[in-house]
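# Close look at the chain arrangement
Listed below are the residues making up each chain.
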Amino acid sequence: MSQSIAVIKGDGIGPEIMDATLRVLDALDCGFTYDIVDAGLGALEAHGTLVPRSSLEAIEKHGLALKGPLTTPIGKGFSSINVQLRRHFDLYANVRPAVSFPGTRSRYDNIDMITVRENTEGAYMSDGQEMVDDGNTGISQIKVTRKGSERIVRYAFELARQNGRRKVTALHKANIIKTASGLFLDVAREVASDYPDIEFEEMIVDNACMQLVMDPYQFDVVVTTNLFGDITSDLCAGLVGGLGLAPGANIGENAAIFEAVHGSAPDIAGKKIANPCALLLAAAQMLDHLGMNDKGTAIREGIRDVLEKRRDMVTPDMGGSGTTDTFAEALVEYATAR
Ligand code: NAI
Ligand code: MG
């Protein structure tokens, strides 16, 4: 039976990079059926809402979505679509690999690490749950639960075990934010004791930022709460050459959404120069998630090969002279020659 996937092409450069990505998936004979659904600005125009009910139902039905970047209109009344989707499907694990590729502006070679960020609680509660907002004082809340911490830390250890990784580092600020970050650290230590085969390390988050820049090779799998993970995973993207190569998965018990980390890039939309790599790498994460690791690896190796040998086919942000389409074409050639 072929696997069905909800596909949200997205706004801005979304449709361009999604078409490129689907071409490559087809060239790899993944056997997917795509259920193209609306969300974002396009949906607002067509259905009067940023996330139509029918799109949520499609994601629920297939349990999987590949998502292009969405533009959340600025102004009151619109809460982030990404946050809405994470909440709706309880996508508690945000998994962001940071892997070096050739020909990027990265300061390091051969980085290969994964950030596992808690995606549903922490400092990102929004929805007016701020405690005080009177124009003079702003007080926001941080919510950390035992359940939320346990499932994210366990997810990180399971990921480490399944991928033959050696170490999990928990980032925290338990020395200052004693209650919320302290609980996260306590739970991380408890869960770690269930995984004696994997080294456990704890590190205060500000020190971790310095360590990441000084010596990223000491890290393998990093697990942390929402806000810290948001920041440190972008730092990690910077270590490997920026957002053009940064994919992310949002994973829950019943659904998973795979996306590029970058936004809809309105400044280059329609110019056919958007780099499709981040979305392609998200598709590779989806293939791994489905147990089709050989095809996921083929995407990563294909990107490596094209970045190394086909500079004329690569998009300008990577220093090439090609377009979104030539990049996809080079990858299709790689996939079919396999
Ligand atoms: P952005 O990531 O869209 O763009 C930042 C810069 O990076 C721009 O100069 C852009 O041209 C460049 N860029 C981004 N992706 C690129 C690619 N694939 N190839 C080549 N260059 C690329 O961030 P910005 O401008 O802050 O946000 C634009 C819109 O995207 C906003 O409406 C924001 O809400 C939305 N957004 C959506 C996200 C999502 O759906 N996951 C994530 C981040 C932002
Ligand atoms: Mg972020």
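Note that the structure is predicted; figures quoted are calculated from it, not measured.

## Examining the overall build of the chain
Looking only at helices and strands, the chain features 11 helices and 12 strands. By the compact-globule yardstick of 20 Å for 338 residues, the chain fits well, its C-alpha radius of gyration being 20 Å. By its C-alpha atoms, the chain is 55 × 45 × 45 Å across when sized along the principal axes. When each of the 338 residues of the chain is scored for burial, the buried share is 48%. Across the chain, contacts joining residues at least 24 apart in sequence account for 71% of those joining residues at least 6 apart.

## Quick word on the site of ligand 1
Among the 21 residues in the neighbourhood of ligand 1, the closest are listed as Thr71, His262, Gly263, Ala265 and Asn275. In the shell around ligand 1, the residues fall into 10 nonpolar, eight polar and three charged.

## Quick word on the nonpolar core
In this structure, Val223, Ala282 and Ala283 are the most contacted members of the largest nonpolar core, which totals 101 residues. Both domains that furnish three or more residues to this core are identified here as domain 1 (1–102 + 245–338) and domain 2 (125–239).

## What to know about the packing of helix α7 (residues 205–214) against helix α8 (residues 226–239)
One way to put it is that α7 packs onto α8 with a least axis distance of 11 Å and a crossing angle of 5°. As the angle between them shows, α7 and α8 are arranged roughly parallel. Across the interface between the two elements, Val205, Ala208, Cys209 and Leu212 from α7 touch Phe228, Thr232, Leu235, Cys236 and Leu239 from α8. Split by residue class, the contact of α7 with α8 holds eight nonpolar, one polar and no charged.

## What about the environment of glutamine 84?
The topology assignment puts glutamine 84 in helix α4 (residues 81–88). Residue glutamine 84 is classed as partly exposed on the basis of its C-beta count, with 16 C-beta atoms lying within 10 Å. Taking the C-alpha atoms as reference points, glutamine 84 and glycine 291, 207 residues apart in sequence, are found 27 Å from one another. Look past the residues within four positions of glutamine 84 in its chain and what remains in contact with it is Val51 and Ser79.

## Section: the packing of helix α1 (residues 14–27) against helix α11 (residues 324–336)
Between α1 and α11, the least distance of the axes is 9 Å, while the angle of their chain directions is 10°. It follows that α1 is roughly parallel to α11 by the angle criterion. On α11, the residues touching Glu16, Ile17, Ala20, Arg23, Val24 and Ala27 of α1 are Thr324, Asp325, Phe327, Ala328, Leu331, Val332, Ala335 and Thr336. When the residues that make up the contact of α1 with α11 are grouped by side-chain class, the tally is nine nonpolar, two polar and three charged.

## A word on the environment of glycine 63
Mapped onto the secondary structure, glycine 63 falls in the loop between α3 (53–62) and β3 (64–67). Classification of glycine 63 by C-beta neighbours within 10 Å gives partly exposed; the count is 16. Remark: the alpha-carbon pair of glycine 63 and alanine 6, spanning 57 residues in sequence, is separated by 8.2 Å.

## Digging into the sheet that holds strand β9 (residues 199–204)
The 10 strands lie next to each other as β2-β1-β3-β12-β11-β4-β5-β10-β8-β9, forming an open sheet whose pairing is mixed. Strands with a single pairing partner mark the edges of an open sheet, and in this sheet they are β2 (32–37) and β9. For this sheet the average axis-to-axis angle between neighbouring strands, irrespective of direction, equals 25°. Examined bridge by bridge, strand β11 (residues 247–251) and strand β12 (residues 256–260) share five bridges and lie antiparallel to one another. Bridged to alanine 249 within β12 is phenylalanine 258. Those strands touched by helix α5 (residues 146–162) are β4 (93–99), β5 (112–118), β8 (167–172) and β10 (221–224), and its axis lies near 160° from that of β5. On top of the sheet, helix α6 (residues 180–192) reaches β8, β9 and β10; it is set at about 165° to β8, its chief contact.

## Some thoughts on the pairing of β4
Taken across its seven residues, β4 has six buried, putting it largely inside the fold. One ladder, built from seven bridges, connects β4 with β5; its direction is antiparallel. Bridge pairing in β5 links proline 97 to isoleucine 114. One ladder, built from three bridges, connects β4 with β11; its direction is antiparallel. Following the sheet pairing, alanine 93 is matched in β11 by isoleucine 251.

## Considering unusual backbone geometry
The phi dihedral of aspartate 90 falls on the positive side, at around 50°, and the residue is not glycine. A tally of 15 C-beta atoms within 10 Å means that aspartate 90 is categorised as partly exposed. The phi dihedral of asparagine 110 is positive, around 60°, even though this residue is not glycine. Position of asparagine 110 relative to the elements: it lies in the loop between β4 and β5.

## A look at the domain arrangement of the chain
Each assigned domain of the chain is listed with its residue range as follows: domain 1 (1–102 + 245–338) and domain 2 (125–239). In terms of residue count, the dominant contributor to the side of domain 1 that touches domain 2 is β4 (four residues).

Calculation notes
- Residues numbered from 1 in each chain as written.
- Chains lettered and ligands numbered in written order.
- Predicted model: local features only at pLDDT ≥ 70, side-chain atom pairs only at ≥ 80, totals over all residues.
- Helix = DSSP H or I, 4+ residues; strand = E, 2+ residues; numbered from the N terminus.
- Rg over C-alpha atoms; globule rule 2.2 N^0.38 Å.
- Buried ≥ 20, exposed ≤ 12 C-beta atoms within 10 Å, placed from the backbone.
- Contact = placed C-beta atoms within 7 Å.
- Near = placed C-beta within 6 Å.
- Nonpolar A, V, L, I, M, F, W, Y, C, P; charged D, E, K, R; others polar.
- Core = buried A, V, L, I, M, F, W, Y, C linked by C-beta atoms within 7 Å.
- Domains from an automatic or database assignment.
- Axes fitted to C-alpha atoms, helices over the stretch in contact; angles between N-to-C directions.
- Parallel < 35°, antiparallel > 145°, perpendicular 65-115°, else oblique.
- Pairing = 2+ DSSP bridges.

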